[in-house]
Amino acid sequence: MEIVYFWIGEFRNIKKLGVNFGSEYIFNIKEEGDKYVITGEENKSYIRDFFSFEEGQSDIINLSAIVGDNGSGKTNFLEAFRRAITDERSHFDYIIIYKRKVKNDINFHVRSTVEYQSQIQMLDIHEHVIPHNEVIFYSPTLDLSIYPIRNETPIGIDVSSNWLLFADSHNETSARENLHIVEYHKAQDSLRQIKLVNKNILTNEIKNKIDIPKRVVINTVRTDFPHDATDLSRVRNVPHTFRKYYNLLVEKSNVVNDLAHEEDDARRLYGDNSEEYLYIRKQKCFAFFLYHLITNIYYNLEKTNHWLDQGEVGISPEDLEKLNQEDATIAFLRNQDLIDFSATGSFIEETKKSIFGGYPREESNDYCSWTVLPTETEAVINSYELYLLSLVNFSDYGGPNGLLDFDWVGLSTGERALFNLYSRFYYAKNQISVRRKERYKKGIKPLPNIIYILIDEGELGFHLQWQKDYIKELITWLPELLSFKDGAEVYKPKIQLIFATHSPISLSDVPNSHIIYLKKNYSNKTTAVLEGPERPTKSFGANVHTLMAHSFFLNDGLVGKLAVNKINGVIAILNDNNSMAEELEYASKVISIIDEPLLRKQLELQLAQKEGKTEKEFLEMELARIQERLRNL
C-alpha cells in the first residue's frame, strides 16, 4: 500500500514532524491533550498517475523528493521512515497513513504507536494488517556514519555504501591475511556490476553513458589456513581422515617453482609476448589457483566442529602421490564424501578455461590474476557461486568464505557511480529472492506487493547532464529491474520512491506537492517542515536558477563567495579617492575576467571615470571595440 503521510514523534533531531507525499489528500496532525487528532483536506494539485508514461496505472505509484540544507535532517528522516515501515529498531512514536486502492475504491488506513482520533470521514481508523512489503535503502555516500556496527543485520534491504563496506568484508576478515576491506568492497561492487552486465538488461541510454571496460580482472586469493593440517595447535575441526591429504596436495603445489624456472627460460628464448611464455604463465596461475582452492576448502571445513569423525576418502595417499597437481586435486575431491564434487569440479573446469583463455597478469604465493572479456565471466561466476553453496554445511560461523575477486580494467569515478546505482538495485532484487526462499521454508511465499525505495543523494558524482536524466531513468528502469519471474508469469511490484537530493536539476522533474522541504531550526537544533509562505512554490519545469535561489535556500545570491569577495574588493578600489596606480591595474585585470556582462560594463565605466575619462569617451572606446569585432567577423 502507498504511504501518503508519515508523522514522527521524536527521532534524533526530528520532533513532532509530519510530512505528506503528494496524494489526493493533505493530512495534518494536531495535538489535543494526550491524543493526536488527524485532519485532512483535498489536495487540489494532485494529478493521477503522474509518473506513468503510458495509459493506465504506473508501476511507480508515487515519487517524493526531500530537500534541505546540510544538517536539516534528510538522512535522519529516511532512517526513521525505514525503521517505522519495517518495524525494525523503531523505538519511537510514529503515525503512518496508507492508501489502499481496490478497483475504483480508495481507503485510508492508519498504523500508529500513539493514541489518535480522526476527524476525516474517509479515514479508516482501524488497525490494518499490512501486506508483505520490502524497503530498499541506497546511498552512495561513504561517511562511516553507521560505525561502529551495533547490529549485524540491516534494516530492510540496505545497499548503501556504508552498510556494504561492512557486509561485504565481515565474513572475510578472518579468512584472508592482510585483507583490505575497502579494496574488497570495491571488488564486490565490481562483481555486482559484472552480473548486471551479463544479464544484458541495461538500457541503451545507460550503456551510452558508461564506457563498459573491455577487460575484467579476476584474482584468486589464498585463504589463511596453516601450511600443516596435522598441526593440532592450529587445526582443530578438520576431519581426521582429511588432514594428511591436505599436506600432500600442498606439496603438489610446489610445481609452481618448476614453472617459474620454465617461465624465465621462455622469456629469455621467446620474449614477453610469445605464446610459449604466456602459456607457461597460465600454467603457473592455474597451479596457484588449485593451491588456493585447497586452502579455501580446508579453511571452510575448519569453521565447523560437526565433522571430526566423519568424512571418507576413497583413494589412498599413495595413489594420489603418483599424480600431478591437477589430477591429484580432482581425484581427491571426486573420492571424498563431504563436499559436492559436481559443483567443485565444474568450478575447477570453468576457472581453468578462463585462465587459459585470458591474459595472465601477476601471481604470488598469496594470489594470481588474469584478465578476460566481460562476456566470458558468466560461466566462472555461476560455477563459483555453486561452489560456495556446496560449502554452506561448513559455515557455522558466517557464510562460506570465497577465493575469487573481480575488478574492471579502467572505469571512471562517475561511471562507477552510475554503475553502482543500478547494480546495487539488481543486487537488492536478488536479496528479495533470497528472502522469499527463506520464507518458503516457513510456508510463506509471497513476492512483495510494494517496494519502498529510499535513495539518499543517489546522483552523487553525476555530471549535470546525468542529473538531468536521473529521475526519468529511475522511474522507467527501476520497475523493469525489480520485476520477478513467478513461474511462467512476470510479476512487477508497485514502487514508491522517496529520495533526498541537493540537485536542482533533479528537482525540476518533481511537482511541488511531491517535495518535502526541511529546514534546520538553529535555536533548538531540530528539524522543521516548511509550510505556508516560507515554502518554495516553484519546482516542476522551473528554471535552474530559480530552483537554486528558492528551493535550495540560497539567501545571498547565486555567485560563489570568492567571486563576490574579489568583486567587492574591486568596487572598494574604484570608490577610494586615494587608489594607487597598481591597485587600478589590478582592478582592470579582475574586471576583464568577469563574465556577467552588465556588471562588467558598469565596472569598466567606473574604472574609465576613475582614470579621468568621460562617459562619452568611454562609449566611443566601446564603439571602436565593437566595430573592430565586426571587421574581424
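To start, this report covers the structure provided alongside it. Per chain, residues are indexed from 1 in the order of the written sequence. Residue-level local features of this predicted model are given only where pLDDT is at least 70; pairs of side-chain atoms are given and counted only at 80 or more, and the full residue set underlies all totals for whole chains, interfaces and linings. Excluding hydrogens and water, the side-chain values take into account all heavy atoms of the structure.

Here we come to helix α11 (residues 378–390). Owing to its 3.6 residues per turn, the α-helix aligns residues three or four sequence positions apart on the same side. Secondary structure elements are defined from DSSP: runs of H or I of at least 4 residues count as helices, runs of E of at least 2 residues count as strands, and each element is numbered from the N terminus. Each residue after the first adds 1.5 Å to the expected span of a helix. Here α11 contains 13 residues, and its C-alpha end-to-end distance of 19 Å stays within 8% of the 18 Å for a straight helix at 1.5 Å per residue. Each residue is placed in one exposure class: buried if its accessible area under a 1.4 Å probe, protein chains only, is under 20% of its type's maximum, exposed if it is over 50%, and partly exposed if it falls in between. Those residues of α11 lying buried are Val380, Ile381, Ser383, Tyr384, Tyr387, Leu388 and Ser390.

A word on the side chain of Glu79. As for its placement among the helices and strands, Glu79 is situated in helix α1 (residues 74–86). Relative accessible area serves as the criterion here: at 13%, Glu79 is assigned to the buried category. Not counting residues within four places of it along the chain, the set of residues in contact with Glu79 comprises Phe11, Arg12 and Ile155. Residues are treated as being in contact if the distance between any of their heavy atoms lies within 4.5 Å.

On the secondary structure map, Trp477 appears in helix α13 (residues 464–481). Take Trp477: its relative accessible area is 4%, and that puts it in the buried class. Once the C-alpha coordinates of Trp477 and Asp576 are considered, the two residues, 99 residues apart in sequence, prove to be 60 Å apart. Aside from chain neighbours lying at most four places away, what touches Trp477 is Leu196, Ile201, Leu202, Thr203, Ile206 and Tyr422.

Taking strand neighbours across the sheet as the criterion, the three strands line up as β3-β4-β8 in an open arrangement whose pairing is mixed. The sheet is open, and its two edges are formed by β3 (25–32) and β8 (116–118), each paired on a single side. Averaged over neighbouring strand pairs, the angle between their axes works out to 25° when direction is ignored. We treat two strands as partners when DSSP finds at least two bridges between them. Looking at chain direction, strand β4 (residues 35–42) and β8 are connected through three bridges and run parallel. Bridge pairing in β8 places Tyr36 opposite Tyr116. Axis angles are defined between N-to-C directions and span 0 to 180 degrees, where every axis is a line fitted to C-alpha atoms and, for a helix, only to the segment in contact.

This part is about the side chain of Thr220. When you line up the elements, Thr220 lands in strand β12 (residues 216–221). Residue Thr220 is classed as buried on the basis of its relative accessible area of 0%. Excluding residues within four positions of it along the chain, Thr220 makes contact with Phe289, His292, Asp366, Tyr367, Cys368, Trp370, Leu403 and Leu404.

Our next topic: the environment of Asn198. With respect to the helices and strands, Asn198 occurs in helix α3 (residues 181–198). A residue is classified by how much of its surface remains accessible, and Asn198, at 17% relative accessible area, is buried. Each C-alpha atom, one on Asn198 and one on Gly458, is 23 Å from the other, the two residues being 260 residues apart in sequence. In contact with Asn198, not counting residues within four places along its chain, are Pro374, Thr375, Thr377, Glu378 and Ile381.

A few words on unusual backbone geometry. Residue Pro148 is reached from Tyr147 by a cis peptide bond, and omega for that bond is 0°. Relative to the helices and strands, Pro148 is located in the loop between β10 (133–138) and β11 (157–158). Backbone geometry places Arg89, a non-glycine residue, at a positive phi of 50°. Along the polypeptide, Arg89 turns up in the loop between α1 and β6 (94–102). Judged by its relative accessible area of 22%, Arg89 falls in the partly exposed class.

Moving on: the pairing of β4. Regular strands place side chains that alternate from one sheet face to the opposite one. Where β3 meets β4, eight bridges bridge the pair, whose relative direction is antiparallel. Pairing of Ile26 across the sheet is with Glu41, part of β4. Adjacent in sequence and paired antiparallel, β3 and β4 are bridged by two residues, among which Gly33 carries a positive phi angle near 65°.

By way of backbone hydrogen bonds, the strands of a sheet pair with one another, either parallel or antiparallel. Here four strands make up an open sheet; going across it, the order is β13-β14-β12-β15 and the pairing antiparallel. Edge strands, defined here as strands with exactly one partner in the open sheet, are β13 (359–363) and β15 (404–408). Between one strand axis and the next, the sheet turns through 20° on average, direction left out of account. Pairing between β12 and strand β14 (residues 367–372): six bridges, direction antiparallel. By the bridge assignment, Thr220 is partnered in β14 with Cys368. Running over the sheet, helix α7 (residues 275–302) touches β12, β13 and β14 and is turned about 55° from β13.

Any Lys or Arg side-chain nitrogen located within 4 Å of an Asp or Glu carboxyl oxygen qualifies as a salt bridge. Counted according to the given criterion, the structure contains 41 salt bridges. A salt bridge links Arg176 to Glu172; its shortest N-O distance comes to 3.5 Å. Residue Arg176 shares its accessibility class with Glu172, and that shared class is buried. Here Lys589 makes a salt bridge to Glu585, at a shortest N to O gap of 3.9 Å. Taken together, the residues span about one helical turn, with Lys589 and Glu585 both in helix α17 (residues 581–592) at a distance of four residues. Residues joined by salt bridges that share partners form a network here, namely Glu79, Arg82, Arg83 and Asp158.

Looking now at the packing of helix α5 (residues 240–252) against helix α9 (residues 325–334). Between two packed helices, what matters for the description is the angle formed by their axes and the separation of those axes. Orientation of α5 relative to α9, taken along the N-to-C sense of each, is 160°, at an axis distance of 9 Å. Judged by the angle between their axes, α5 and α9 are roughly antiparallel. Both α5 and α9 take part in a crossing whose hand is left-handed. Taken together, the residues of α9 that come into contact with α5 (itself represented by Phe242, Tyr245, Leu249 and Lys252) are Gln325, Ala328, Thr329 and Phe332. Note on terminology: angles under 35 degrees are roughly parallel, angles over 145 are roughly antiparallel, angles of 65 to 115 are roughly perpendicular, and the others are oblique. For a crossing to be left-handed, the near helix must be turned anticlockwise from the far one by less than a right angle; the clockwise case is right-handed.

Time to look at the packing of helix α16 (residues 561–575) against helix α18 (residues 597–610). Running from N to C, α16 and α18 point in directions that differ by 25°, and their axes come no closer than 10 Å. In this view, α16 runs roughly parallel relative to α18, as classed from their interaxial angle. Crossing handedness for the pair α16 and α18: left-handed. In this structure, α16 uses Ile567, Ile571, Ile573, Leu574 and Asn575 to contact α18, whose residues at the interface are Leu599, Leu603, Gln606, Leu607 and Lys610.

In this section: the packing of aromatic side chains. Only rings of Phe, Tyr and Trp enter the pairing, Trp through its six-membered ring, and a pair is recorded when the two centres are within 6.5 Å. The plane angle decides the type: under 30 degrees is stacked, over 60 is edge-to-face, the rest tilted. Within this structure, the stated rule accounts for 33 aromatic pairs. Plain terms: the ring middles of Trp7 and Tyr36 are 4.7 Å apart, the flat faces sit at 50° to each other, and that makes the pair tilted. Within this pair, whereas Trp7 is found in strand β1 (residues 2–11), its partner Tyr36 is found in strand β4, the two being separated by 29 residues in sequence. Classification of Trp7 by relative accessible area gives buried; the value is 4%. Three or more aromatic residues joined by ring pairs form one cluster here, namely Tyr279, Phe286, Phe289, Phe347, Phe356, Tyr384 and Tyr387. Sitting over the ring of Phe137, Arg82 keeps its end group 4.2 Å from the ring centre. Of note, Arg192 hangs over the ring of Tyr427, and the distance from its end group to the ring centre comes to 5.0 Å. For a lysine, the NZ atom is tested; for an arginine, the CZ atom; a charge sits over a ring if that atom is within 6 Å of the ring centre and within 35 degrees of the ring normal.

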